[in-house]
Each structure stands twice: as C-alpha cells, then as structure tokens.
Amino acid sequence: MDRVKSSMQQVPNAIPKVIRRTTGGANSLELEKENFERGQAVSINKAINTQEVAVKEKHARTCILGTHHEKGAHTFWAAVNRLPLSSNAVLCWKFCHVFHKLLRDGHPNVIKDSMRNKADLTDMSRMWGHLSEGYGKLCSIYLKLLITKMEFHIKNPRFPGNLQMSNRQLDEAGENDVNNFFQLTVEMFDYLECELNLFLGVFSSLDMSRSVSVTAAGQCRLAPLIQVILDSSHLYDYTVKLLFKLHSCLPADTLQGHRDRFQEQFKKLKGLFYRSSNLQYFKRLIQIPQLPENPPNFLRASALSEHISPVVVIPAESSSPESEHLVETDDLVDTDVPVLPPALENKFDDLFGTTAAIDPFNFNSQNGLRKDDKDRLIEQLTREIQALKDELESFRLESGRLCQALRGRVNELEAELAEQSHLRLQAAGESEFLKAELDDLRRVREDTEKEQRSLTEIEKKAQANEQRYTKLKEKYSELVQSHADLLRKNAEVTRQMTVARAAQDEVDAVRREMQEKVKAAKEVADRQERDQLEQLQELQRELVSSRTELDSLKTTMASSQQSSEVLSTQLVALESEKAELVQSLSKVEAELAVHGEELERVQSSLATERESGVKTAEALQNQLNEKESREQALESQLVAARWSSLQGAVEEAEKIIQDSLAQIDDPAHISCTSSADYLASRCQASLDCMDRLHSAREAFLADNTGVSELVRVVTQCGHLVGDTIVQGSATSHMVPVEQADALSESVKACGAEALALLGQMKQQSSLSAADNGKLRAALEAILATAEKLRPRGLELQQGELGDLVEQEMAATSAAVESAAARIEEMLNNSRAVDTGIKMEVNERILASCTELMQAIKQLVLSSKNLQKDIVESGRGAASMKEFYAKNSRWTEGLISASKAVGWGATVMVDAADLVVQGKGKFEELMVCSHEIAASTAQLVAASKVKADKDSANLHRLQKASRGVTQATAAVVASTKSGKSQIEEKDTMDFSSMTLTQIKRQEMDAQVLVLELETRLQKERERLGELRKKHYELAGVAEGWGEQEEG
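Residues numbered from 1 in each chain as written. Predicted model: local features only at pLDDT ≥ 70, side-chain atom pairs only at ≥ 80, totals over all residues. Heavy atoms only, no water.

Let's talk about the packing of aromatic side chains
Think of a pair of aromatic rings as described by two things: how far the centres are apart, and how the planes are tilted against each other in angle.
And then number 1: Per the counting criterion, the structure on display carries 18 aromatic pairs.
And then number 2: The interplanar angle of 5° and the centroid separation of 5.7 Å between the aromatic rings of Phe-95 and Phe-99 together place this pair among those described as stacked. Here Phe-95 pairs with Phe-99, and both are found in helix 5 (residues 89-105), just 4 residues apart, close to one helical turn.
And then number 3: Considering the side-chain rings of Phe-199 and Phe-203, the 5.6 Å spacing of their centres and the 40° angle between planes classify their relative orientation as tilted. Highlighted residues: Phe-199 and Phe-203, both in helix 10 (residues 178-204), separated by 4 residues, approximately one helical turn. The burial state of Phe-199 is the same as that of Phe-203; both residues are buried.
And then number 4: By way of ring pairs, the aromatic residues Tyr-236, Phe-244, Phe-262, Phe-266 and Phe-298 are connected into one cluster.
And then number 5: Stacked on the ring of Phe-181, the Lys or Arg Lys-245 has its end atom at 5.6 Å from the ring centre. (Phe/Tyr/Trp six-rings, centres within 6.5 Å; stacked < 30°, edge-to-face > 60°. Helix = DSSP H or I, 4+ residues; strand = E, 2+ residues; numbered from the N terminus. Buried < 20%, exposed > 50% of the residue type's maximum accessible area, 1.4 Å probe, protein only. Lys NZ or Arg CZ within 6 Å of the ring centre and 35° of its normal.)

Written out as structure tokens, the structure reads:
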C-alpha cells in the first residue's frame, strides 16, 4: 500500500496555473485551449516526478502529441520551468528522458523553441557535474548530450529529430562539397561521443552482477538508453557512408585522424550494443542490431557494398515500461477480490464451519430435510459444469499462451520483414547511388579519354614539330656550312681567276713585247736591242741578261761585225722562245676556259643553294616568331597565375583577421585570458613581419617573378596579426577596466588597419601605393600598452635583492620551526587537559600537522640546496648577488613563494590552536592545509624553473613536494574524521508530527535552503572579488604591472 500511495504523489510544487478563468461566456476555442493546457500540464507532471521508476509511455506520448497540436514547445517549457529540476536529481533525469523523446518525435519547432533555454540547461549541467556519483553525474552527461543534439540540428537543419534520412538526402545535406562533408563527419563524431558517454555512465552506475533490469530503479536508468540506441545506430550508419565518400575525394593521410576516431567509437558502440542486447529489459522493448566483427576498410572503395546499415526494430505491440512496471507491481498491490485456493477454503470451513451452515438461504439445512435425488442430480450437474468450466479455462489459458507465442513470432517475423524491406530499400538506394556514380564515372572516363586522346595528338604534334624543327635546324646548319664552303670555293676560284687573268695579261704583254722586238730587230737593231732589253728586264734572269747584252751591243754597235752575228744568233733564240711562249699561252687559255666553265657551274649551284637557304631562313624565322608569341602568351598566363596566388593569400589573411575580430566579440571568448609578456612577443613578431612584408612588396614591384616570398609573408602576417588581436583581447580580460577598454580599442583599430592594408594589396593598381605605416603604428600602440602591463622588478639594488632571498628563506625556515614547536606544545597541553574522544581527535590532528611541518621543513631544505646548484651553474664569474639581480623575475617569484609558505605555516598553527581549544572551525584548518599545498607548489615551481632536469637536488625537491602533498591530505583526512566524531548528528524523527507540522517544517526547510543558496552565491561572488583584488595587489607588490595614474 505504501507503494500505491507513493505512485499517486506528485512533485511538491503545484500544477502551473496556465488555465485562465473567463468571466464571460468563453468561446469554444478558449475552452479547447484551456482543456489542452490543463491536459498537458497534468501529463507533464505525471511523466516528470520524483519516483524512481521509468517514465510511462502514455504520458510521454501525450506530451509529444501536444507539441504537434500547438506546433511548438511553449506549453511544455511553461510547465517545466516551474519544476525544481536543480534540487532533485531523479526529477531532472526523467525531464531529460521526456525532453529527448520530444526532440526525436515531437514537432520540428521543438528544437527552435528549446534553444532559448540552452543557457539554463548548460548551467544545470555544470551544477550537476559537481556530483561524482548517482543521478547527478548522469544528469550532467545527459544534459550535455541534449545540448549537443540541439546544436547539431540547428547547424544541420536538413536532419530531422529522429535522424532518419535517405542516401540522397544525406548527399544533399553536404551540398556536394567535400569541406561540408568533412565538417559534418566531425560533428557526427562529437554527437556520437556524447551518446557513448551516456551509455557508459549508465552502465557504470549499475551493479551488473544483479538483475538490475527487472527492478524499478534499474529501469528508470535504462529507459532513456532506448532513445540513445536509436540515435547511435543512425549516426554510425551515416558516419560510415560519409567516410567512404571522403576517402573517394581526399588522400588517405588527410583522413587518418577520422579513421582512428571511428575505430575507437566502433569498439565502444559494438561492446555497448552487445551488453544491452543481453539485458532482459530491452529484449521485449527493442531489437538491438549487432555490429560486424571488424570495422569497415575505408581504404578499399568496394567495401561500401559490404556495409549493412544497422536497423533498430521496436515491436508494434511490445510491452512498454509502463506495462512492465504494472506487471511488477501486481505482486505488491491487487485490487481484485482475492481467490483463495481450495486448501485454504477447506481449512476455513474446518475452523468456522461450512458456508452452507450459516447460509440464510439454505432451507434444507435449516429445516433438517434430506437432499432428494433431484438435488443430488443438480449438484452432480453443477460439479460437471464446474469441471467443464475449469477445463474450458485451461483451454482458454493454453490458447491464450499459444496466441501470445504466435503473436510474438508474428512480431519477430514482422521485425525481420521490416528489416529486410529496409535493407531492400537501402540496397535500392545504394544501387541508384552506385548507378549515378557509375554514370558519373563513365562520363568522367569518356572526358578523360577524350582529353587523353587530345593530349596524345598534341604530344604527337609537338614531337613532330620538334623533329621538324630539329631537321630544319640541322638543314640550316648544313646550309650554313655549305654556304661557307661555297664562299671559300668562290674565293679560291676568284683568286685563281685573278692569277689566270694576271698570267694572261702577262702573256699579252710578252706577246706585244715580242712583236715589238721582232719589228725592232727587223727594222733597227737598236730598237731590237732596246725591246729585248725591256723584255729581259720584265722577265726573270734571262731578261736581265738580255738587257745586259743589249747594253753591251749599244757600246759595240758601230765598230764590230761580230756583234751583228751575235745578234742574229740571239734572234734565232728569241724566235724559239717565242714559239714556246705561244704554246704555253695556248695551254693557259685552255685552262682558263675549263676554269670559266667550272666557275659558271659553281655560280649556278651557289645561286640555287642561296635561294633555298633564303626560303629555309624565312620558314625558320616564321617558326621563331610563333614560338615567341607562345612564350609571350605563357608569360601572360604566368603573370596572371602569380597575381591570383597573391590575391588568394591576401583573401586568406583577410579571413584570418576577420575571424579574429569575430572571436573577440564572441561571448565565449570572455573566459579566455593571456599575459602581457606573450602579447608583447606577438606584437614584436608582427612588427618584424611588417618589415619583411615591405621588403617582399618592393621586390615584387621590381620583379614580379618573386611572388612566392610575398605570398608567404602575407599569410604569415595575417596569422601573426590575427593572433595579436586575439591575445590582446584575452589580455584585456586580466587588466583594470580603463586599460582594458584602451587595449580593446587598440586591438580593433589594428584589425581595421590590417583589413585596409590587405584591401589595397588585393588591387593591382593600388599595390604600389599600399602603406603599412598605419598598421605598424597600431601594433606599436598595442606593444606600448603591453609593455606598460608587463611585470616590473622590485626597485632594489643588487645587494638588497640577494640579501632579501637569503632573509626570506631563513624567515621561512624559522616560521616552520616555530610552527612545529607550537604544535608540540599544543599537543602536550591537550594531553594534560582533554580526555576521551576529544583528546584522540586532537592528537590525531596535531600529529598530522607535525608531519606536515616536517615535510615542509624538508622541502625548504631541498629548495635551498637546489638554489645553490642553480646559482653555481648559472652565475659564471659573477657573484651570487649579481646572479639574483640579473634574474630578478625568478628571484621575485622565489621570494613570493617563500613568503607564502611561511605565512601559511603560521596561519595553520593558529587555526589548529583554535580547533584544539574548541573555538575554531575544522573548515578553517582544511583551508589552511590547501593553502600550504598551493604555496609549496609555487615554491617548487619557482625553484625548478632554472634547474637542470637531471639534477639530484631537483629529484629530492620533487620527492619532498610529494611528501608535502601526502601530509596535507593526511591533515585534511584527520580533520574530517575528527569533525565527524565530535559533531553530533541530529536524528530525523518525524513519527510524532502531523501532516500540517511536516508541511510547515518543509516550507521552513525550503526557505532556509533558499537563504543558504543566496548566501552561498554572495559568498562566491565575494570570493571572486577577493581573488581578483589579491591578484592586483600581488601584481603591484611583485612588479607585474602598474596601473595608470588618473
């Protein structure tokens, strides 16, 4: 009966008052709306309640039909916003289950209407995420899944809520763009990852060693997994198809990350499907598919035909969680009249008598009359009728069982038929898809063959032209060579003709001289002598001797007869010589004729070859002109390609900078922070890139072939300026408001100047006039602001800084020693005063504090030794104080860490003293322990930042740090244990209270909870402000940055 009562309870808050009362006669539409809102409110409150049982299917179905009736989810959210989802984990879990059903099967506008509550769902998920077990952790995971589902459907509106799509619709969702398919696959991986996280979270929260699926609590946790199984099967199928499509368009190395992530999710999903199919709860509600033994091989395109889409089948007449729950509760509550077994009836008759004895209408027994034959016959017939009824009932039960078995078999066959029909439709769709792809491939192959043929023809023509050009070049070389040979032959022939003409002239001269000599000899001896003398002078030695004889004849002419005889003999000799000269002249004339014929033949062949050479030279000149024209066209195309590559780089840089400007306006960017040092380094890198950009632009303007360097510099400049903008915005989140506003304005101005500069560089006409001076000025302004925000060292001299390190380390050691002594003194005092549990608790706490002090002492000693190694290895010829002053940043961090450790030890001892005296709080001691752990971690980090990783003292320091951490944990554990032993626990006894008193105390408790929550929120805000102020004061004290005056 207690369970029946609990099943009738609802959520503590009342049903939302969404029903309006009408003073006048309400029309039918208003009445219908009021009835609809009333019915929806009742169904929502019945579906989402605090009972740890599965959501009833009829209530969820009513909510789904309500969204289709009003074409949205306004009524649903109006009712849900009044539920205390943040205070009851079971209530929030059942809300997530109902909301998941609405997202899948509700009206498409449910997703759009629910996006308004995304921020509340995110906060609720973050709140439940602080719990590490139970429904709280599951609610956090489930809410993250629902948020991811809404974001996925908003980004991809083509996908319906139930994710059921055909292959053609899936192709249309990617818009035939490989980038869209790539991004869609990543989003599906994230979506499926959330589904698997919920799967694993539910299974890890259940004790699988027991039959949890038949209990109400187990079914409450397992019921939402039906929706997860439905979503996961579709996501797995679409992911496989998209990966095959991506592998057909992109190289395998690019998709290595996708394949690794799919392998991991495939193993998880296969194991979860197998575990779910073995649960008794799912066997009657859903038919879970089994994934293949091995994942698909995406590197083999034909493996797509082997892929079978997993089909989840929900039987049409399967028992819902509601009916299953009713079957379980039949054993606990039975509203029918109980039918006692025959043995119990006989026992009842034996104790109190038969019913006939006390039956007022049994006249035979009252009058003492005996039964006659008719009565016996009636009784016999009655018994036979009863037996026949029992037999009929057994037949009816048997037939019902057989009908149920046959109905189950029919459901299985229908499920198989549905699966086969689905596979047939899928195969038909895949065949159509493959046919379309085959047609595309055929067209592509035909185009490729045509292009190949045209390319082959072009190559053949090019080879023929090349061969023709080679032959022409060889022929031209031969013609040049033959032309040169002919020129040489012509020169030789000309020389020979000149010699021959000279010889002929000489023969003519000799002939004339001989005639003159003969005439002179006949007429006058003197003239003969003079002619002979002239002939002898022009000829060789014989002519010279003749001249001499003529001279002698002149002298002896008149007186001697002997000289006339000599002259006659000489005349005979001259005549013989004349005959010889005539013969030689005829020979020379014959040779000249032969040479003249040869010369004419050579001149004719030379003229022919000259004409052919001229024609060949003209053809070669034409080919040379065509080649030059082609080279000019290629040069123009190359210039256009260079400019297009430069424009692409500029556009990419513009997109990077625009994306950076969009990020600083994104609300999610508010949580991002950065340091002034990193911002200054980014600004300096951007300024250096500006110099290289100017040089590359000047080089490109001087010679447009050097575009590659300009493209690289433009891309790098876009990345660096975009990073500077993002880091500047992130740094503004860590500085005061005035400086943050100034830095934000400088960052936005830098982005605007960068976009203006890139806009000028996009146009070829304004490239030469592009000036990066304004962008450089904006970057220098950001750099100046970052320099103002950078940490500045303490205004100490070298000696003072080195002495301060030693003083702080000595002060820390002294503080730790003093704290250990005080703890020992408090332990002795507690032993003398306290007894019993209090003394045990105090001893345990003080002992753990003593161990913590010893660990801190060891840590400080190890830090000192490590500092000595650092100083000895890094100072060189400088002194220790000069080394500390040179590394002032590191020294200031060391001083700050030492101060924090000493202060933390002192405060923890004070807190322990108050706790031992009974005046302090255990929480204060735990906070001090955590603060000491943080301070020691700061000291370790400051000590090891300049240490060698192989240093023995560094290993000792790390070991001491782990000892401090363990000792801190021991202090916290002993404090919690002592607190639980000392504090009294109130027993909650409500047996003597009335319903009104319980309701009153319940309201008081709710008021107190609200007050404590308000106070907790205020204290958290105060803690945030304190931490912010602490950061500012620490920055001022240690030189992190100085605020601007005014």
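A word on the nonpolar core
A general trend in soluble globular proteins is that nonpolar side chains are found buried together.
And then number 1: Counting residues in hydrophobic clusters, the biggest one holds 94 residues, and the most contacted among them are Ile-48, Phe-76, Phe-95 and Phe-159.
And then number 2: Take this core: its biggest share by element is 13 residues, from helix 12 (residues 225-247).
And then number 3: Ranked by size, the runner-up nonpolar core spans 44 residues in total, among them Ile-657, Ile-664, Ala-740 and Leu-767. (Core = buried A, V, L, I, M, F, W, Y, C linked by side-chain atoms within 4.5 Å.)

Brief notes about the packing of helix 22 (residues 676-702) against helix 23 (residues 707-732)
And then number 1: Interaxial distance between helix 22 and helix 23 falls to 8 Å at its minimum, and their mutual angle equals 155°. One element, helix 22, and the other, helix 23, form an angle in the roughly antiparallel class. Considering how the two elements wind past one another, helix 22 and helix 23 form a crossing that is left-handed.
And then number 2: Residues belonging to the contact of helix 22 with helix 23 are distributed by class as follows: 17 nonpolar, 6 polar and 5 charged. (Axes fitted to C-alpha atoms, helices over the stretch in contact; angles between N-to-C directions. Parallel < 35°, antiparallel > 145°, perpendicular 65-115°, else oblique. Left-handed = near helix turned anticlockwise from the far one by under 90°. Nonpolar A, V, L, I, M, F, W, Y, C, P; charged D, E, K, R; others polar.)

With respect to the confidence of the model for the protein
And then number 1: Chain-level statistics for the protein give a pLDDT mean of 75 and a share of 76% at 70 or above.
And then number 2: Across residues 317-371 the pLDDT falls below 50, and counting only partners more than four positions away or on other chains, this stretch makes 43 contacts in the model.
And then number 3: Contacts from residues 1036-1046, a stretch scored under 50 in pLDDT, to residues over four places away or in other chains number 31 contacts. (pLDDT = per-residue confidence, 0-100. Contact = heavy atoms within 4.5 Å.)

Remarks on a nonpolar patch on the surface
And then number 1: Judged by side-chain polarity, Leu-377, Leu-381 and Ile-385 come together as a nonpolar surface patch covering roughly 260 Å² of accessible area.
And then number 2: By the secondary structure assignment, Leu-381 is in helix 18 (residues 373-523). (Patch = residues over 30% accessible without salt bridge, like charges linked within 9 Å, V, L, I, M, F, W, Y side chains within 5 Å. Areas by Shrake-Rupley, 256 points an atom, 1.4 Å probe, with all protein chains shown as cover. Salt bridge = Lys/Arg side-chain N within 4 Å of Asp/Glu carboxyl O.)

Describing helix 22
And then number 1: Here helix 22 is 27 residues long and its end C-alpha atoms lie 39 Å apart, about the 39 Å a rise of 1.5 Å per residue gives.
And then number 2: Of the positions making up helix 22, those classed as buried are Ala-676, Leu-679, Ala-680, Cys-683, Ser-686, Leu-687, Cys-689, Met-690, Leu-693, Ala-696, Arg-697 and Phe-700. (Expected span 1.5 Å × (residues − 1).)

A few points about the pattern of salt bridges
And then number 1: Summed over the entire model, instances satisfying the criterion amount to 23 salt bridges.
And then number 2: Glu-449 is the partner of Arg-445 in a salt bridge, and the nearest nitrogen-oxygen pair spans 4.0 Å. A residue pair is termed a helical-turn pair when its members lie 3 or 4 positions apart in one helix, as Arg-445 and Glu-449 do in helix 18 at 4 residues.
And then number 3: Relative accessible area serves as the criterion here: at 37%, Glu-449 is assigned to the partly exposed category.

A closer look at unusual backbone geometry
It is generally the case that most residues other than glycine have a negative phi and that most peptide bonds are trans.
And then number 1: Phi angles above zero are rare outside glycine, and Glu-175 is one such case at about 55°.
And then number 2: Of note, Glu-175 is situated in the loop between helix 9 (167-174) and helix 10.
And then number 3: Owing to a relative accessible area of 54%, Glu-175 belongs among the exposed residues under this scheme.
And then number 4: Of note, Asn-176 is a non-glycine position whose phi angle comes to about 55°, a positive value.
And then number 5: Considering the arrangement of structural elements, one finds Asn-176 in the loop between helix 9 and helix 10.
And then number 6: Of the residues examined, Asn-176 reaches a relative accessible area of 71% and is grouped as exposed.

Comments concerning the environment of Ala-54
And then number 1: With respect to the helices and strands, the residue Ala-54 is situated in the loop between helix 2 (28-47) and helix 3 (57-70).
And then number 2: Residue class for Ala-54 comes out buried when judged on its relative accessible area of 12%.
And then number 3: Sequence spacing of Ala-54 and Pro-224 is 170 residues, and the spatial spacing of their C-alpha atoms is 8.7 Å.

Brief notes about helix 9
And then number 1: Inspection of helix 9 places Asn-167, Leu-170, Asp-171, Ala-173 and Gly-174 among the buried residues, and these make up the whole buried set. Looking straight down helix 9, one finds that the buried residues subtend no more than 155° of arc, so they occupy a single side.
And then number 2: The positive-phi residue at the C-terminal boundary of helix 9 is Glu-175, with phi of around 55°. (Arc of directions from axis to C-beta.)

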